[in-house]
Amino acid sequence: MTPLPQPRVRPRGATPLSVARTLDRCTVLGPGNRAVIWVQGCPLRCQGCVAAETLPFEGGTSRSVAELADWLCALGDIEGVTFSGGEPFSQARGLAELLDAVRERRPDFGALAYSGFRHEALRRGGPDRIALLERLDLLVDGPYVAARHASLRWRGSDNQRLIPLTDRYTRFLDEPDTTAGIELSVAAGGALSWSGVPPTPGFRRRLEERLAARGFVLHTEARRER
Ligand code: SF4
């Protein structure tokens with residue numbers, strides 16, 4: 001009997017990721033000391049979005065899962081990684097593959113992701129989104145709503161929720177729910193970048209204006225760390 005043709009299966013780790021930028025140390029986008037990957041592209045358009053340069057799906061830098069896994073695993077003293085954007089769940093398959101690749105070498109590697117979609121919608125969003133949810137420890141869900149801006153830990157408006165998906169970070173959820181602030185970082189080439197959730201609306205514009213007055217420009221584009 002002639003065998004039925006088998007569906008093509010993409011090899012594990014073969015899904016490239018479109019990355020807006022990365023940061024190897026951050027303490028204001030989740031528990032502990034974390035790397036951050038801002039993915040490129042978001043289908044939503046929240047008024048007051050603080051990462052407008054990450055919204056188009058064009059642009060960004062194509063990074064392989066293997067390359068990003070090597071980078072994360074080489075950052076010896078970090079607690080885990082935070083996926084921000086852009087919309088991480090628009091690249092759910094690649095991010096799930098990335099966590100699998102990292103945890104082959106570092107099984108105790110933490111993972112947090114932001115999403116402009118609600119948790120319930122992501123659960124109905126297909127196998128790739130479910131696969132990413134199943135690999136996360138903490139989800140920050142929901143769109144940014146400027147009219148509900150609040151100075152909260154790791155999120156910008158009070159409709160956004162911290163949803164534990166494992167018990168890894170539950171102890172942090174009992175701590176005071178106040179802003180973690182922002183951080184400025186200087187990369188090896190001297191580029192200045194920032195991370196965090198702005199404590200007030202319009203914060204980024206004011207920050208950029210104040211830095212520009214001193215001759216600094218914020219770095220917002222992808223770069224390779226290694
Ligand atoms: S979901 Fe996030 S990245 Fe997308 S528009 Fe809203 S705030 Fe911006």
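Conventions we followed
- Sequence positions are assigned chain by chain, starting from 1 and proceeding in written order.
- Only residues with pLDDT of 70 or above have their local features reported here, since the model is predicted, and side-chain atom pairs are shown and tallied only from 80 upward, although totals for entire chains, interfaces and linings are computed over all residues.
- The side-chain values count all of the structure's non-hydrogen atoms but skip hydrogen atoms and water molecules.
- What counts as a helix is a DSSP run of H or I of at least four residues, what counts as a strand is a run of E of at least two, and both are numbered from the N terminus.
- Only protein chains enter the accessibility calculation, which uses a 1.4 Å probe. A residue is then buried if its area is under 20% of the maximum for its type, exposed if over 50%, and partly exposed in between.
- The criterion used for residue contact is that any of the two residues' heavy atoms lie within 4.5 Å.
- Accessible areas in this description were obtained via Shrake-Rupley with a 1.4 Å probe; residue shielding takes into account the shown protein chains only.
- Comment: axis = line fitted to C-alpha atoms, over the contacting stretch for helices; angle = value between 0 and 180 degrees taken between N-to-C directions.
- Less than a right angle of anticlockwise turn of the near helix away from the far helix marks a crossing as left-handed, whereas a clockwise turn marks it as right-handed.
- When residues are grouped by polarity, Ala, Val, Leu, Ile, Met, Phe, Trp, Tyr, Cys and Pro land in nonpolar, Asp, Glu, Lys and Arg in charged, and all others, Gly among them, in polar.
- The term polar contact refers here to a pair of N or O atoms within 3.5 Å; inside protein, the definition further demands a hydrogen-donor-capable atom paired with an acceptor-capable atom, and it admits residues adjacent in sequence only when both atoms are side-chain atoms.
- Strands were regarded as paired on the criterion that DSSP finds at least two bridges between them.
- Here a residue is considered near a molecule or strand provided that any single heavy atom belonging to it is located within 4 Å of it.

Draft legend 1. Main features of the overall build of the protein. Regarding its fold elements, the protein presents five helices and 11 strands. Across the 226 residues that make up the protein, the buried fraction comes to 47%. For the protein, the share of sequence-separated contacts (at least 6 apart) that also reach a separation of at least 24 residues comes to 67%. For the protein, the exposed area adds up to about 11200 Å²; of that, 54% sits on carbon and sulfur atoms.

Draft legend 2. Representation of the packing of helix α2 (residues 92-105) against helix α4 (residues 127-135) in the model. Put simply, α2 and α4 touch, their axes get as near as 8 Å, and they point 35° apart. The two elements α2 and α4 meet at a crossing, and its hand is left-handed. Only Asp-128, Arg-129, Ala-131, Leu-132 and Arg-135 of α4 make contact with α2, whose side of the interface consists of Ala-92, Arg-93, Leu-95, Ala-96, Leu-99, Asp-100 and Arg-103. The class makeup of the residues in the contact of α2 with α4 is six nonpolar, no polar and six charged.

Draft legend 3. Spatial organisation of the side chain of Thr-82. Mapping Thr-82 onto the fold places it in strand β4 (residues 80-84). Thr-82 sits in the buried class, given a relative accessible area of 0%. There is a polar contact of 2.6 Å between the side chain of Thr-82 and the backbone oxygen of Leu-29. Excluding anything up to four places from it in sequence, Thr-82 contacts Leu-29, Arg-34, Ala-35, Val-36, Ile-37, Leu-112 and Tyr-114.

Draft legend 4. Expanded view of the pairing of strand β1 (residues 17-26). The buried count for β1 comes to eight of 10 residues, which makes it a mostly enclosed element. One ladder, built from five bridges, connects β1 with strand β2 (residues 34-39); its direction is antiparallel. Residue Cys-26 lies in a different strand from β2, and its bridge partner there is Arg-34.

Draft legend 5. Layout of the site of the ligand. Every residue near the ligand is listed here: Cys-42, Leu-44, Arg-45, Cys-46, Cys-49, Leu-55, Gly-86, Gly-116 and Tyr-144. Partitioning the shell around the ligand into residue classes produces six nonpolar, two polar and one charged.

Draft legend 6. Up close: the sheet that holds strand β6 (residues 138-141). Strand order across the open sheet formed by seven strands is β3-β1-β2-β4-β5-β6-β9, with mixed pairing between neighbours. Each of the sheet's edge strands pairs with one partner strand only, and the pair in question is β3 (61-63) and β9 (161-164). The average undirected angle you get between the axes of adjacent strands in this sheet is 30°. Looking at chain direction, β4 and strand β5 (residues 110-114) are connected through four bridges and run parallel. Looking at the pairing, Val-81 lines up with Ala-111 of β5. Taken strand by strand, α2 contacts β1, β2, β4 and β5, and its axis lies near 175° from that of β4.

As far as function goes, none of this settles anything; it's purely spatial.
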